[in-house]
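If you want the building blocks of each chain, they are given just below.
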Amino acid sequence: MSDARMASRDPRAVVWISLVEPSREELDSVARHFELQELAQEDTETHRGVILKLQGRSLTFMVSPARYLDDSGTVAVGELDVLLEEGLAITVLRGEGPNFLDVEQGLEEGSYLSRLGAGAILRGLLHRVLDDYVSVVDGLGDDLASLEDDVLEGDGRVTNRLYELSREVARFQRVTQHLEAVLEGLAHRGSQEPGSNSELGMRLGVARSRARWINSRVSEFVGLLQNLFNANLTLASVKQSDQTRRISAWAAIVAVPTVIASIYGMNFRYMPELDSRFGYPLVLLVMLASCIVLYVVFKRIGWL
C-alpha cells in the first residue's frame, strides 16, 4: 500500500486500486494510507442510481451496475464507487459489477490513459457499465416481446409475469434515470475548469448519448407494460363474459327438460298423456327437440 501511495505522487504514473466486496478493515486501511475520509464513509451508505461529487481536484462517482440474468429473467444490480484524484483511482465494487479485466485491456490498447490520467479509468468503467445496461435493455425487450405475444393469445398465466417484469423494469429505471443528467453535469463542470476533467467531460459525449438512448428505451418499456396490463385486463374481462354467456346458455338448455320432467313428476291422476300409448315417447321427443332448438339458437348468436 505504501508503494502505491508513492507511485500516485509520480505525475507520470496512474495508480488503480480495485476493491471487490471489501471488508471494513480493508476500507479503513486504504483510507488511512491515502488520507481519504470520503472512502472511510462509503461503507456506511447504500447507494442506488447515480451520484456525482466534485471537490476541488477530487471526483467521486457512484453508479449502480446491472446485468440481465437469462435464467431467471431478472436484473441483478450492484454498486460501484469510483474515487479519482491526480494519478489515483480507487474503485469499490459491491454485488454485480463490470468486468475489470475488460476495462484494463481497453485502457492498455487505447491512448486515453496517458491523456486523461485517472479519468481514463472512469471513462472505461462507464463504457463497460453502459455496455451491460444495453444488454439489460435487450433482455427486457425480448421478454416484453414474448410477453406481448402471450397476452394477445389470451394466456391466463401471463398476469404474474407481467407484474414481475414490471418490477424489474422499475428497478432498472431507478438505476439509470439520472445517469444522463449526471454526465451532463460532469461535462459542464469540466468545461469550466482546466485540466483532465475538461477533456474527460468532452470524451463522455458518447456515454451521454448512450445513456439518453437507454432512458428512452426504458420509458418505452414502461408505456408498453401499461398497455399490456390494459390489454390483459380487457381480454380477461371478455373471456369472463364469454364464460358467463356459455354457462347461461347451457343452463337455459337444461332448464327446458327439467321443467317438463318436474311437471310430469307431480303424478296427478288426470293428465291427458297418461292414457295415451305414445304419450311418454312424445314427451321425450319434445324435450329433445326443445334442447336442440335452443342449442342451435345459442350457437348462432355466439353464446356456445
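Rules behind the numbers
Residues numbered from 1 in each chain as written. Predicted model: local features only at pLDDT ≥ 70, side-chain atom pairs only at ≥ 80, totals over all residues. Heavy atoms only, no water. Helix = DSSP H or I, 4+ residues; strand = E, 2+ residues; numbered from the N terminus. Contact = heavy atoms within 4.5 Å. Areas by Shrake-Rupley, 256 points an atom, 1.4 Å probe, with all protein chains shown as cover. Core = buried A, V, L, I, M, F, W, Y, C linked by side-chain atoms within 4.5 Å. Buried < 20%, exposed > 50% of the residue type's maximum accessible area, 1.4 Å probe, protein only. Pairing = 2+ DSSP bridges. Salt bridge = Lys/Arg side-chain N within 4 Å of Asp/Glu carboxyl O. Expected span 1.5 Å × (residues − 1). Arc of directions from axis to C-beta. pLDDT = per-residue confidence, 0-100. Patch = residues over 30% accessible without salt bridge, like charges linked within 9 Å, V, L, I, M, F, W, Y side chains within 5 Å. Lys, Arg positive; Asp, Glu negative; His and termini not counted. Charge placed at Lys NZ, Arg CZ, Asp CG, Glu CD. Phe/Tyr/Trp six-rings, centres within 6.5 Å; stacked < 30°, edge-to-face > 60°.

Student: How do you make sense of the overall build of the chain when you look at a structure like this?
Tutor: Helix and strand counts for the chain come out as eleven helices and seven strands. A separation of at least 24 residues holds for 68% of the contacts in the chain among residues at least 6 apart in sequence. Of the roughly 17200 Å² of accessible surface on the chain, a fraction of 54% belongs to carbon and sulfur atoms.

Student: Mind showing me how you'd approach the nonpolar core here?
Tutor: With 50 residues, the main nonpolar core has F61, Y133, L140 and F172 as its most contacted residues. At 15 residues, helix α6 (residues 119-152) tops the list of elements feeding residues into this core. Among the nonpolar cores identified, the runner-up in size contains nine residues, and L27, V30, I90 and V92 belong to it.

Student: What exactly am I supposed to notice about unusual backbone geometry here?
Tutor: Residues other than glycine predominantly adopt negative phi, and peptide bonds predominantly adopt the trans conformation. One non-glycine residue, E21, lies in positive phi territory at about 50 degrees. Examined against the element boundaries, E21 turns out to sit in the loop between β1 (15-20) and α2 (24-34).

Student: Explain the side chain of T91 to me, please; I cannot follow it from the model alone.
Tutor: Along the chain, T91 turns up in strand β7 (residues 88-94). Looking at T91, the relative accessible area reads 0%, which means it is buried. Not counting chain neighbours up to four residues away, the residues in contact with T91 comprise W16, I17, S18, L19, L80, D81, V82, F100 and L125.

Student: Quick question: what am I supposed to make of the pairing of strand β3 (residues 58-63) here?
Tutor: Consecutive side chains of a regular strand alternate in pointing toward one face of the sheet and then the other. In terms of burial, β3 is largely enclosed, as six of its six residues are buried. Going residue by residue along β3, you find S58, T60 and M62 tucked away on one face and L59, F61 and V63 tucked away on the opposite face as well. Pairing of β3 with strand β6 (residues 79-85) involves five bridges; the strand directions are antiparallel. Residue T60 lies in a different strand from β6, and its bridge partner there is L83.

Student: So what exactly am I meant to see when it comes to the pattern of salt bridges here?
Tutor: It is possible for side chains of opposite charge to pair when their charged atoms get near one another. Enumeration over the complete set of coordinates arrives at 14 salt bridges. Residue R171 is joined to E168 by a salt bridge in which the shortest nitrogen-to-oxygen separation is 3.1 Å. In this pair, R171 and E168 are both assigned in helix α7 (residues 158-176), three residues apart and thus about one turn of the helix distant. Overall, R171 belongs to the partly exposed group, its relative accessible area being 26%.

Student: Looking at this structure, I do not really get α7. What am I missing?
Tutor: Given a rise of 1.5 Å per residue, 19 residues ought to cover 27 Å, and the 27 Å separating the end C-alpha atoms of α7 matches this to within 8%. Of all the positions in α7, only V158, L162, L165, E168, V169, F172, V175 and T176 are classed as buried. Angular distribution of buried residues about the axis of α7 spans 145 degrees; they occupy a single face of the element. Of the exposed residues in α7, the ones pointing more than 90 degrees away from its buried face are N160, Y163 and R174.

Student: Just checking my understanding: could you explain the confidence of the model for the chain for this structure?
Tutor: One rule of thumb: low pLDDT means the predicted coordinates there are not for detailed reading. Here the chain shows a mean pLDDT of 78. Residues at 70 or above account for 76%. Strand β4 (residues 66-69) holds the highest mean pLDDT among the elements of the chain, 92, whereas helix α1 (residues 2-8) holds the lowest, 52. This stretch, residues 191-196, has a pLDDT under 50; its non-local contacts, to residues over four places away or in other chains, come to seven contacts.

Student: Can you walk me through a negative patch on the surface in this structure?
Tutor: A cluster of acidic residues, D70, D71, D138 and D142, forms a negative patch on the protein surface. When its relative accessible area of 54% is taken as the criterion, D142 is described as exposed.

Student: Looking at this structure, I do not really get the packing of aromatic side chains. What am I missing?
Tutor: Each aromatic ring pair is characterised by the separation of its centres together with the angle its planes make. Evaluated as defined, the whole model comprises four aromatic pairs. Residues W250 and Y295 carry aromatic rings whose centres are separated by 5.9 Å and whose planes lie at 45 degrees to one another, so their mutual orientation is tilted. One end of the pair, W250, is in helix α10 (residues 205-264); the other, Y295, is in helix α11 (residues 279-300), and 45 residues separate them in sequence. Accessibility expressed as a relative area gives 42% for W250, which makes it partly exposed.

Student: It is not clear to me how the side chain of E96 should be interpreted in this structure. Could you clarify?
Tutor: The topology assignment puts E96 in the loop between β7 and α4 (100-109). The residues contacting E96, other than those within four sequence positions of it, are P65, A66, R67, A76, V77, G78 and E79.

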